[in-house]
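Architecture and fold: a report
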Amino acid sequence: MTAIQYFWRHPLAEQVREEGREEGRAQERAESVLRNLRWRRIDVPDAVRERVLASTDMDELGAWLERSYQVSDSWELFTEGS
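Residues numbered from 1 in each chain as written. Predicted model: local features only at pLDDT ≥ 70, side-chain atom pairs only at ≥ 80, totals over all residues. Heavy atoms only, no water.

**Thoughts on the confidence of the model for the protein chain**
Residue-level pLDDT values for the protein chain average 85, and 76% of them are 70 or greater. Mean pLDDT in the protein chain bottoms out at helix α1 (residues 2-9), which sits at 60, and peaks at helix α3 (residues 46-54), which reaches 97. (pLDDT = per-residue confidence, 0-100. Helix = DSSP H or I, 4+ residues; strand = E, 2+ residues; numbered from the N terminus.)

**A word on the environment of Asp-59**
Within the fold, Asp-59 resides in helix α4 (residues 58-67). Asp-59 sits 33 residues away from Ala-26 along the chain, and the two C-alpha atoms are 9.7 Å apart.

**Structural notes on the side chain of Ser-74**
Positionally, Ser-74 belongs in the segment after α4. For Ser-74, the side chain forms a polar contact with the main-chain oxygen of Asp-43, separated by 3.0 Å. Discounting chain neighbours no more than four positions away, the residues touching Ser-74 are Leu-37, Ile-42, Asp-43, Val-44, Pro-45 and Val-48. (Polar contact = N/O pair within 3.5 Å; in protein donor to acceptor, adjacent residues only side chain to side chain. Contact = heavy atoms within 4.5 Å.)

**Structural notes on α4**
Regarding α4, the residues found buried are Leu-61, Gly-62, Trp-64 and Arg-67. The residue sitting at the N-terminus of α4 and contributing the capping side-chain oxygen is Asp-57; that oxygen lies 2.9 Å from the backbone nitrogen of Asp-59. (Buried < 20%, exposed > 50% of the residue type's maximum accessible area, 1.4 Å probe, protein only.)

**A short note on the pattern of salt bridges**
Per the stated rule, a full pass over the model turns up two salt bridges. Note that Asp-46 is salt-bridged to Arg-49, the shortest N-O span being 3.6 Å. Separated by three residues within a single helix, Asp-46 and Arg-49 lie in helix α3, roughly one turn from each other. You can call Asp-46 exposed: its relative accessible area is 53%. (Salt bridge = Lys/Arg side-chain N within 4 Å of Asp/Glu carboxyl O.)

In structure tokens, the structure reads:
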């Protein structure tokens, strides 16, 4: 029993949990970008959807989320200064 409890406190277990949380945050931010575009009735081609969902860079996803409030075409998400 002690070995099992110790495993959850092990640094490796904590690292794995944190990586999972980071992936979850990135996934949610990507879905927020797409949800905002859908809400604004902007067409999102499969290539854009795949690129957004594939990103794990929180800064990049944050920039895309901010741009999703202003763009008129989903491809503009990937253009600096939009």
